[in-house]
Amino acid sequence: MGDASPQDILIRGGQIAAIGHFAIPKDALRLDAGGRTLLPGFIDSHVHLQLSDARQCLRGGTTTVRDLGWTPGVILGRRSALRVSGPDLLAAGGILCPPGGYPSRAGWCPADTAVQVGTPAQAEQAVAAMQASGASIIKVSLPFPQLPEVVRQAHRRGLKVTAHLGGLEELDQALAAGVDELAHFTFSSVRVPEDRIQWMVAHKVAVCPTLHIGASAQRLDNLGRFVKAGGTVLYGTDLGNYGPPPGIDVQELQLMQRAGMTPRQVLDSATSVPARWMGLKDRGAIRVGLRADLILVNGDPLRDLSCLAPPWKVFYGGDEVGQK
Ligand SMILES: [Zn+2]
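My aim in this report is to walk through the structure given alongside it, one point at a time. (Residues numbered from 1 in each chain as written. Predicted model: local features only at pLDDT ≥ 70, side-chain atom pairs only at ≥ 80, totals over all residues.)

By the element assignment, Ala23 lies in the loop between β2 (15–20) and β3 (37–40). Counting along the chain gives 13 residues from Ala23 to Leu10, while the straight-line C-alpha distance between them is 9.7 Å. (Helix = DSSP H or I, 4+ residues; strand = E, 2+ residues; numbered from the N terminus.)

Here the focus is the sheet that holds β3. The strand order β3-β13-β14-β15 describes an open sheet built from four strands, whose pairing is antiparallel. Each edge of the open sheet carries a strand with a single partner, namely β3 and β15 (319–320). Sheet topology note: the strand β14 (residues 313–316)/β15 ladder contains two bridges and is antiparallel. Each residue of the ladder has a partner; that of Tyr316, found in β15, is Asp319. (Pairing = 2+ DSSP bridges.)

Sheet architecture is open: six strands sit in the order β8-β7-β9-β10-β11-β12, paired in parallel fashion. Edge strands, defined here as strands with exactly one partner in the open sheet, are β8 (114–116) and β12 (206–207). Where strand β7 (residues 95–97) meets β8, three bridges bridge the pair, whose relative direction is parallel. Looking at β8, one finds that Leu96 is bridged to Val115.

Attention shifts here to the packing of helix α5 (residues 147–156) against helix α6 (residues 168–177). Contact geometry for α5 and α6: axes closest at 9 Å, N-to-C directions at 40°. What the angle tells us is that α5 and α6 run oblique. Classified by chirality, the crossing of α6 by α5 is right-handed. Each of Leu147, Pro148 and Val151 in α5 lies in contact with α6, whose residues at this interface are Gln173, Ala174 and Ala177. When grouped by side-chain class, the residues that make up the contact of α5 with α6 number five nonpolar, one polar and no charged. (Axes fitted to C-alpha atoms, helices over the stretch in contact; angles between N-to-C directions. Parallel < 35°, antiparallel > 145°, perpendicular 65-115°, else oblique. Left-handed = near helix turned anticlockwise from the far one by under 90°. Contact = placed C-beta atoms within 7 Å. Nonpolar A, V, L, I, M, F, W, Y, C, P; charged D, E, K, R; others polar.)

This part takes up unusual backbone geometry. In the segment running from Gly86 into Pro87, the intervening peptide bond is cis, with an omega of -5°. Along the polypeptide, Pro87 turns up in the loop between α3 (79–85) and β6 (88–91). Cis peptide bonds are those with omega within 30 degrees of zero, and the linkage from Tyr102 to Pro103 qualifies with 10°. The residue Pro103 is located in the loop between β7 and β8 in this model. Even without being a glycine, Asp238 presents a positive backbone phi close to 65°. With respect to the secondary-structure elements, Asp238 resides in the loop between α8 (217–228) and α9 (250–258). Residue classification places Asp238 among the buried positions, given that 25 C-beta atoms sit within 10 Å. (Buried ≥ 20, exposed ≤ 12 C-beta atoms within 10 Å, placed from the backbone.)

For the α-helix, the turn length of 3.6 residues means that residues three or four positions removed from each other point alike. For helix α4 (residues 120–133), which comprises 14 residues, the first-to-last C-alpha distance of 20 Å matches the rise-based estimate of 20 Å (1.5 Å per residue) to within 8%. On its buried face, α4 sits against α2 (72–75), β7, β8, β9 (138–141) and α5. Downstream of α4 by one or two residues, Gly134 has phi in the positive range, about 110°. (Expected span 1.5 Å × (residues − 1).)

Attention shifts here to the pairing of strand β4 (residues 42–47). Across the six residues that make up β4, a large majority, six, are buried. The pairing of β4 with strand β5 (residues 62–67) spans four bridges and is classified as parallel. By the bridge assignment for β5, Val47 is matched with Asp67. Read as a crossover between parallel neighbours, the route from β4 over helix α1 (residues 54–59) to β5 is right-handed. (Right-handed = clockwise from strand over helix to strand, strands pointing away.)

Listing the buried residues of α9 in full gives Glu252, Leu253, Leu255 and Met256. When α9 is viewed along its axis, its buried side chains cluster within an angular range of 160° and face the same direction. Contacts from the buried residues of α9 go to α8 and α10 (263–268). (Arc of directions from axis to C-beta.)

On to the nonpolar core, then. Counting residues in hydrophobic clusters, the biggest one holds 87 residues, and the most contacted among them are Leu96, Ile138, Val140, Val150 and Ala163. Once residues within four sequence positions are removed from consideration, Val140 is found in contact with Ile95, Leu96, Cys97, Leu147, Val150, Val161 and Ala163. (Core = buried A, V, L, I, M, F, W, Y, C linked by C-beta atoms within 7 Å.)

Next comes the structure, spelled out in structure tokens:
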């Protein structure tokens, strides 16, 4: 990206096998991508895949998704099957909340998506159950009296915690409890004071902005100041719930740019940054040995992010994703 020097890339065994100058194997299928830009497949850090179309998501250039809330037995159980057809799925499973809390009565999700936690013992039990089912993160919703214990139990087990929260009071509760991430920054359109932003950056609390589901000047301003302070941003769409159609959401990316992120920062928030944040060492960049989860787009996204959708071609584990 950005530099115009054309390069050859060899994909073999689902991985990037060589980049630059190498002897092209005689039996290799060749693809001329002249004038186009190759990028890592996108990582969407906030989806509800059961409410969307996984195949369209993959075709649209999103090769890894992290699901932030569905019936644990369904979304975690489907993990292995979806790994084959893609996109690669990481999931929180249920959303831990207080008895009667969000989303236990929300229309969009099955009742057992809400894992209700009213005591410290239930906190331990719920976190352990999610981890045993294969959860890669713990999702919580606020307000939540047992949140400090949930966070303690998650961290003990090496799991991060992402929080759905509305306003400032809940933000303060979440930060005091030690959550690692905000699943929206923030769900409501309140001004996040500078001292909270500085605190979040200092304590490495990441945010998933999800601007498109509720773009306001205030939410853009919050993100702009967070980025300027050096905060970690994870691209996420809330796909399936409030979110946009499946695949790369250019509007979300453009809103992030409008908030003050450079195109490079925007692209990083959907590739290298979430890969690092989620401990996925095999993706998020174009390097020899990494998964060949790749997209080819018509144009240069550093000049114009709109060229990212739809991608010209998508490769998932080295295989070209069909357009049918
Ligand atoms: Zn969501």
